[in-house]
Amino acid sequence: MTDRNQELFERAARVIPGGVNSPVRAFRAVGGTPRFVQRAQGAYFWDANGKKYIDYIGSWGPMILGHGNAAVLEAVQKAALDGFSFGAPTEREIELAEAILTHVPSMEMVRLVSSGTEAGMSALRLARGATGRSKIIKFEGCYHGHADALLVKAGSGLATFGNPTSAGVPPEVVQHTLVLEYNNIPQLEEAFALHGKELACLMIEPIAGNMNFVRASVPFMQRCRELCTQYGALLVFDEVMTGFRVALGSAQSVYAKSIPGFKPDITVLGKVIGGGMPLAAFGGPRAIMEQLAPTGPVYQAGTLSGNPVATACGLATLKEISKPGFWDALSARTRSLVDGLSAAAAHAGVPFSADCQGGMFGFFLLPELPHNYAKVMTSDSPRFNRLFHGLLDQGVYIAPALYEAGFVSAAHSETDIAETVAAAAAVFKQL
Ligand SMILES: *Cc1c(COP(=O)(O)O)cnc(C)c1O
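1. Topic: the pattern of salt bridges
At step 1: Applying the stated criterion to the full structure yields ten salt bridges.
At step 2: A salt bridge links Arg215 to Asp355, with the shortest nitrogen-to-oxygen separation between them at 2.7 Å. Here the residue Arg215 occupies a position in strand S11 (residues 214-215), and Asp355 occupies one in strand S15 (residues 353-357), the gap between them amounting to 140 residues.
At step 3: For Arg215, a relative accessible area of 28% gives the class partly exposed.
At step 4: When its relative accessible area of 13% is taken as the criterion, Asp355 is described as buried.
At step 5: Salt-bridge contacts for Arg333 lead to Glu414; the nearest nitrogen and oxygen are separated by 3.2 Å. Of this pair, Arg333 sits in helix H10 (residues 326-348) while Glu414 is found in helix H13 (residues 414-428), placing the two residues 81 residues apart along the sequence.
At step 6: One salt-bridge network, in which partners are shared between bridges, spans Glu189, Arg223 and Glu226.

2. Quick look at the site of the ligand
At step 1: By nearness alone, every residue bordering the ligand is listed as Ser115, Gly116, Thr117, Tyr143, His144, Gly145, Glu205, Asn210, Asp238, Val240, Met241 and Lys271.
At step 2: The backbone of Gly116 places a nitrogen or oxygen atom 2.8 Å from an oxygen atom of the ligand.
At step 3: One of the side-chain N or O atoms of Lys271 is found 2.6 Å from an oxygen atom in the ligand.
At step 4: Computed on the free molecule, the ligand has an accessible area of 380 Å², of which 82% lies beneath the protein chains in the complex.
At step 5: Looking at side-chain class alone, the shell around the ligand contains three nonpolar, six polar and three charged residues.

3. As for the sheet that holds strand S18 (residues 406-407)
At step 1: Strand order in the open sheet made by the three strands is S15-S16-S18, with antiparallel pairing throughout. Each having just a single partner strand, S15 and S18 make up the two edges of the open sheet.

4. Some words on the packing of aromatic side chains
Aromatic rings considered in pairs are described by the distance between their centres and by the relative angle of their planes.
At step 1: One pass over the full model with this rule turns up 18 aromatic pairs.
At step 2: Measuring from centroid to centroid gives 5.3 Å for Phe326 and Trp327, while their planes differ by 75°, and the two rings are edge-to-face.
At step 3: Given a relative accessible area of 11%, Phe326 falls into the buried group.
At step 4: Note on Phe352 and Phe363: the rings are 5.3 Å apart at their centroids and 20° apart in plane angle, and the pair reads as stacked. With Phe352 in the loop between H10 and S15 and Phe363 in strand S16 (residues 360-364), this pair connects stretches of sequence that are eleven residues apart.
At step 5: With relative accessibility at 10%, the residue Phe363 sits in the buried group.

5. A short note on the nonpolar core
Nonpolar side chains in soluble globular proteins tend to be buried together.
At step 1: Core analysis: the biggest nonpolar cluster contains 106 residues, and Phe139, Phe192, Leu202 and Ile204 have the highest contact counts within it.
At step 2: Leu202 has contacts with Ile137, Phe139, Leu188, Phe192, Cys224, Cys228, Leu234, Leu235 and Val236, leaving out every residue within four places of it along the chain.

6. Let's talk about the sheet that holds strand S1 (residues 37-41)
At step 1: Ordered in space as S1-S2-S3-S17, the four strands form an open sheet in which the pairing is mixed. Of all the strands in the sheet, the pair left with one neighbour each is S1 and strand S17 (396-397).
At step 2: Of the strand pairs in this sheet, strand S3 (residues 52-55) and S17 are connected by two bridges, and their pairing is parallel. Across the sheet, the residue bridging to Asp55 is Tyr397, located in S17.

7. Notes on the pairing of S16
At step 1: Within S16, five of the five residues are buried, which leaves the element mostly enclosed by the surrounding structure.
At step 2: By the alternation rule, side chains of S16 split into Met360, Gly362 and Phe364 and Phe361 and Phe363, which are all buried.
At step 3: Strand direction decides the pairing type here: S15 and S16, joined by five bridges, are antiparallel. Bridge assignment links Ser353 to a residue of S16, and that residue is Phe364.
At step 4: Adjacent in sequence and paired antiparallel, S15 and S16 are bridged by two residues, among which Gly358 carries a positive phi angle near 55°.
At step 5: Note: S16 against S18, two bridges, orientation antiparallel. Paired with Phe361 across the bridge in S18 is Gly406.

8. As for the layout of surface pockets
At step 1: Taken as a whole, the second largest pocket holds about 670 Å³ of empty space.
At step 2: Lining the second largest pocket are 31 residues, with Glu93, Val110, Arg111, Leu112 and Ser305 positioned closest to its centre.
At step 3: When contributions to the lining of the second largest pocket are tallied by element, the ones reaching two or more residues are helix H3 (91-103) and strand S4 (109-113).
At step 4: Residues of the lining of the second largest pocket, tallied by class, amount to 17 nonpolar, ten polar and four charged.

Definitions and limits used
Residues numbered from 1 in each chain as written. Predicted model: local features only at pLDDT ≥ 70, side-chain atom pairs only at ≥ 80, totals over all residues. Heavy atoms only, no water. Salt bridge = Lys/Arg side-chain N within 4 Å of Asp/Glu carboxyl O. Helix = DSSP H or I, 4+ residues; strand = E, 2+ residues; numbered from the N terminus. Buried < 20%, exposed > 50% of the residue type's maximum accessible area, 1.4 Å probe, protein only. Near = heavy atom within 4 Å. Polar contact = N/O pair within 3.5 Å; in protein donor to acceptor, adjacent residues only side chain to side chain. Areas by Shrake-Rupley, 256 points an atom, 1.4 Å probe, with all protein chains shown as cover. Nonpolar A, V, L, I, M, F, W, Y, C, P; charged D, E, K, R; others polar. Pairing = 2+ DSSP bridges. Phe/Tyr/Trp six-rings, centres within 6.5 Å; stacked < 30°, edge-to-face > 60°. Core = buried A, V, L, I, M, F, W, Y, C linked by side-chain atoms within 4.5 Å. Contact = heavy atoms within 4.5 Å. 1 Å grid on protein atoms, 1.4 Å probe; cavity = no way out; pocket = protein on both sides within 12 Å on 5 of 7 lines; lining within 4 Å. Points joined across faces, edges and corners; volume = space filled by probe spheres on them.

Any functional reading would require information that these geometric values do not contain.
Okay, structure coming up:
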C-alpha cells in the first residue's frame, strides 16, 4: 500500500519549509512521518491513509468538546452565512468579552486578537506601557508565543539577562528579559532584589504545559504575587493553554483556592476561547486596559481581531463548557486516563509519574514529577519515542515530544480511555 502520509509530507516539503506550518508537527523529536489529518469527529481523527486515531492533542488544547461538536458547528455555519469579516465592530464581540469576564473575574476588560503569540506580545507591550518600565521576568521552559522578546533562554549566571533562542532575534531585543528557573524561590527573590524597581512584569505559565505538565508550587506562586505587588511589577498569567482548559475559572481559580484573594494583573488567553478558530485575548483591570489605543497610548490593532466566525465558535464553546456537570465529568475522564496509565506502567515496572487538572494532563517516564525544565529534560527520550510510536501504531495519538502536555475532551468515552490504557500497557511491556 502506498503511504499517503509520506507522499503528502514529501510534496509539502517542496512548498512549505519542513513540510509544516508549525515546527512540532514535523515529528522531528520522535522521528517518522507526520500524519496528515483528513477529517476529525468527536475524540478521533483519520489520517491520509484512512487510519483512525484517538486524539489526545485536540489541536494542542482548543478542542475541549471534541471535534465537530453539533452546537458549535451550527453556530459557526450560521455566523459564516452572515459574513466572514467586516473590519467594524459586532455585537458578538461584546458577548464573548462578557462571557470571558464572567468566568475570569480578575479581568475587568479584555481585548480580542487572533493568536496566543499576538496576545502575549501585546500583553507585554501593555505591561511596559502601563508601568513605564522595560525589564521583564520569564521562566525557563515556559512558552509565551514567538515574539522576539520572549524567545530567550537563561544567560550564564544567576539572575543575568538571557540569550535569544532563535536566529533573527537581536541580542539587544532580549537584553531586558531575565530568565529564571521555574519554582526556584531564592532565585526569584534575588532577581527582585536586584532588578525589582525596573521590572514591568513577570510572565508565567501557572501550570506550564510547554514543559509537559509542571505546576508552579503554591508557595512559589504566592511569592511571585507578593514580590510583584511589593515592587510594582505586573503579574502576567499566560493562560493560553490553561485558560478554560484546567477549570472554568482557568488556572488562576485553582491557585485562588489555596491563596485567598489571589489574582494576576493581566491574563493572556487563547486556544479554548476560540474553540479551534484563530482567536485569543488579553485582559485585566480597567485602569490598565484603558492604556490601550484608542483610549490610551499603547498601540495595538488587528484586521481580523474579533472575527465574527471565530467569536461565534468561541462563544458556542464557552456556552457548552459552562453547563452544570461539565467539569466534573471532564476531570473524572482525565483522571481515569492518568490513573490507568500509571497502573499499567507500574505493572510493567516502567518509571512513571503523571498529573492532571481538568482536561489537561502530563506524564513523564521519571519516578517523580519534575518541578522545573532541567528536571523535565532528564526524561529518557529514546524511551519516550518508542512509547510514542508504539501508541501511534495502535491508533493513539499523543503529543510528538516529551515536553508537551496532553488533552482530553468531553467527547472521549470511558471506552476510549480503556482502549488507550490497554494500548499503553502493551507498549510498556516492551519499553
Ligand atoms: C500555544 C501557546 C502560546 C502561543 O499561542 P499561538 O496561538 O500558538 O500563537 C502562548 N502561550 C502558551 C502558554 C501557549 O500554550
